[in-house]
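Listed below are the residues making up each chain.
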Amino acid sequence: VPDQRSHDELIADFISNYPIAIFSKSWCPFCTKAKELLQSSGLDFQAIELDLREDGVALQAKLHEFSGQKTVPNIYINGKHVGGFDNLSGYSRIGLLKDLASGQNLDFDYDLVVIGGGSGGISAAKEAAAAKKKVALCDFVTPSPRGTIWGLGGTCVNVGCIPKKLMHRAALILQDIKDSIDFGWKLPGDILEISHSWPTLVENVQKYITSLNDQYVETLRESNVTYFNAKATFIDRFTVRLVGDDGMPQIIKARNFIVAVGGRPTPLDLPNANDLCISSDDLFQLKTAPGKTLVVGASYIALECAGFLRGLGYDVTVMVRSILLRGFDQEIADKIEKHMAAYGVRFLKKCVPSSIEKPSDGSEKILVKGTFNDGSLFEGEYDTVLTAVGRTALTSELNLDSVGIKTNPKNKKIMVNAADQTSIRNIFAIGDVIERPELTPVAIQAGKLLAKRLYGKEPVELNLMDYSSIPTTVFTPLEYGSVGLDEEKAIATHGKENIEVYHSTFRPLETALRTWGTEESAEGFAKLVCLKDNNDLRVIGLHILSPNAGEITQGFAFGVKLKLKKSEFDNLVGIHPTVAEVFTTMKVTKSSGEDSSTKGC
Ligand code: FAD
Ligand code: NDP
């Protein structure tokens, strides 16, 4: 029976009669893909094959007028125009196909809401907005137990990498001043009379940070990302409640969420610790000079802070529970300890604090008692106690359980798959809040790639974050840069018989004329950890302890990432005289037992 309906009526009937209605062509590969995708998702659909109808061309023209889309497949779900295959697979990728088909109200305020305005969140939000998506970002800083707060930009900008590196630089300047005498500079007075103003340093560092906070607000505005200075809590998988300083709640809905809330310092589990101790969240805004300081903890944050505080002239002691720099090359960790000790830092090894209190004599000091592994006791009075005993992911206030997002009960971090997707398919997580290296460039790269995967044109597999061979640097007074495996991990992974280690002890030209300090405090060290690979060696770990180790490691990280061979490092022509050239001339293996000291220039 000839269809008496107009094309308008036909289209309207078709899309309202069938939950999933496809205008298709029988030969079109994208139409086939769309049908296969629906079938594999267990969803029924109805199709009109335009090429098999006499009026197909006219119907397609009407469809163009109706939907604004010229091509096929032209898909409608529950009466709503979805688009073509790309749009359909986009919904599928983020786990929304079934919700769409079941008639959920998917009228969202935003395509993407990013929770957390730190390194990862800002990177993801900007990338998604560049792909013309409607994006909002919410960021909120809960004051530290000591009441410290800060602006947009997250940990790195406000209480992490940036203030830390500036203070590290401040400390190194005194080394330069001391070295300058051996280079012939005549200082106006006695070097011992040189003094440092902590308040000036803090004021200038904070001014710089405030300018960065302003730049981030501006960048979000320019990128068309809506910024909410508010704390987000999930209501359901598509909805969050935002509460800002004014306490007024606001509800927003989004198709996707990226959780990038980072972490905060883990408090020391002792009475009074929150009142009497500070953490890295407070140090960079401390109004008065820290004075005699005890640092509890022995990893990145503890050693970096201890290093620059000592460099600025303070009496510093580090309380080490077990070893220094767990997870790093332990031969180098030992050298860092010796170097820092030569620099004047005291170490209390294998010791934990047992109480922190105000002394009974009413002094302003803080009395710390501790216990060594052998049971002996420690007692000391300090002006400042800085705890750096790890960081805790900020997941407890997001209401994740009620949405069904799984976290690791041990450390509260959000569990994600290789595509940074949580157990709820439209919600993703990146940065310090997931179990990956807690580093700014890692969060930035993961955020950028995640947004590309969600909204980009390339296949998803091309943009997976590669968490291998991530370079890092510990900014101790003598910096330690590393990429790839440390010696212990290489041996544990591949067996001692398959590993060859090249090493070199050298005196960088920077410290060559130095007459102050000990020999040890002026020495550098480099190490290449190699895997025996047929008749060659592949470099699987690179480590350097030297001035500017961060800069050197960033460049050489490429070599390790590209799995270069030791012979290729040997073939590289060095730049003389630099510290970095050491990696092009390494000849002494550890197994040979020969002296690793470099002689000559
Ligand atoms: P963050 O930068 O922590 O951002 C998360 C943001 O989300 C924060 O602003 C937080 O307040 C906000 N937030 C939390 N919950 C909510 C909520 N419910 N609603 C709204 N907003 C919320 N890394 C390096 O690579 N190099 C370094 O030299 C270095 N030095 C460091 C020194 C220190 C002292 C510290 C503490 C860290 C350092 N790091 C360094 C680590 C680096 O800072 C982090 O890895 C990085 O900032 C993590 O970024 P993120 O986006 O995951 O989280
Ligand atoms: P980590 O988790 O790396 O180290 C925690 C340290 O505290 C360890 O030495 C640990 O000892 C010690 N510790 C834990 N609990 C106690 C306790 N109860 N009493 C005494 N000591 C304790 O944390 P960090 O805070 O140093 O750093 C967090 C992350 O921030 C790093 O992993 C890094 O990714 C990032 N970061 C990066 C920097 C950079 O790139 N330069 C700089 C600073 C931070 P034990 O070994 O015995 O467990």
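Before going into details, it helps to say that this report is about the structure given with it. (Residues numbered from 1 in each chain as written. Chains lettered and ligands numbered in written order. Predicted model: local features only at pLDDT ≥ 70, side-chain atom pairs only at ≥ 80, totals over all residues. Heavy atoms only, no water.)

**A closer look at the packing of helix α8 (residues 161-182) against helix α12 (residues 300-311)**
- Put simply, α8 and α12 touch, their axes get as near as 8 Å, and they point 40° apart. Crossing of α8 against α12: the hand is left-handed. On the side of α8, the interface is formed by K164, M167, H168, A171 and L174, while α12 contributes E304, F308 and G311.
- Residue composition of the contact of α8 with α12, grouped by class: four nonpolar, two polar and two charged. (Axes fitted to C-alpha atoms, helices over the stretch in contact; angles between N-to-C directions. Helix = DSSP H or I, 4+ residues; strand = E, 2+ residues; numbered from the N terminus. Left-handed = near helix turned anticlockwise from the far one by under 90°. Contact = heavy atoms within 4.5 Å. Nonpolar A, V, L, I, M, F, W, Y, C, P; charged D, E, K, R; others polar.)

**Digging into the pattern of salt bridges**
- Evaluation of the coordinates by the stated rule reveals 28 salt bridges.
- One salt bridge connects E49 with K35, and the closest N-O pair in it is separated by 2.8 Å. With a gap of 14 residues between them, E49 in strand β2 (residues 46-49) and K35 in helix α2 (residues 29-40) connect regions that are remote in the sequence.
- Judged by relative accessible area, which is 19%, E49 ranks as buried.
- The partner of E487 in a salt bridge is K590, and the shortest N-O contact between them spans 2.8 Å. With E487 in helix α16 (residues 487-494) and K590 in the segment after α18 (566-571), this pair connects stretches of sequence that are 103 residues apart.
- The class for E487 is buried, based on a relative accessible area of 12%.
- Overlapping salt bridges bring together D329, E331, E487, K527 and K590 as one network. (Salt bridge = Lys/Arg side-chain N within 4 Å of Asp/Glu carboxyl O. Buried < 20%, exposed > 50% of the residue type's maximum accessible area, 1.4 Å probe, protein only.)

**Regarding the pairing of strand β17 (residues 377-382)**
- Only one face of β17 is covered, namely the one carrying F378, G380 and Y382; the face carrying L377, E379 and E381 has none of its residues buried.
- In this structure, strand β16 (residues 366-372) lies alongside β17, joined through six bridges in antiparallel fashion. Among the inter-strand pairings, V368 is bridged to a residue of β17, identified as G380.
- Linking two consecutive strands that pair antiparallel, namely β16 and β17, is a turn of four residues; a positive phi of about 95° is found at G375 within it. (Pairing = 2+ DSSP bridges.)

Read these as geometric descriptors, not functional statements.
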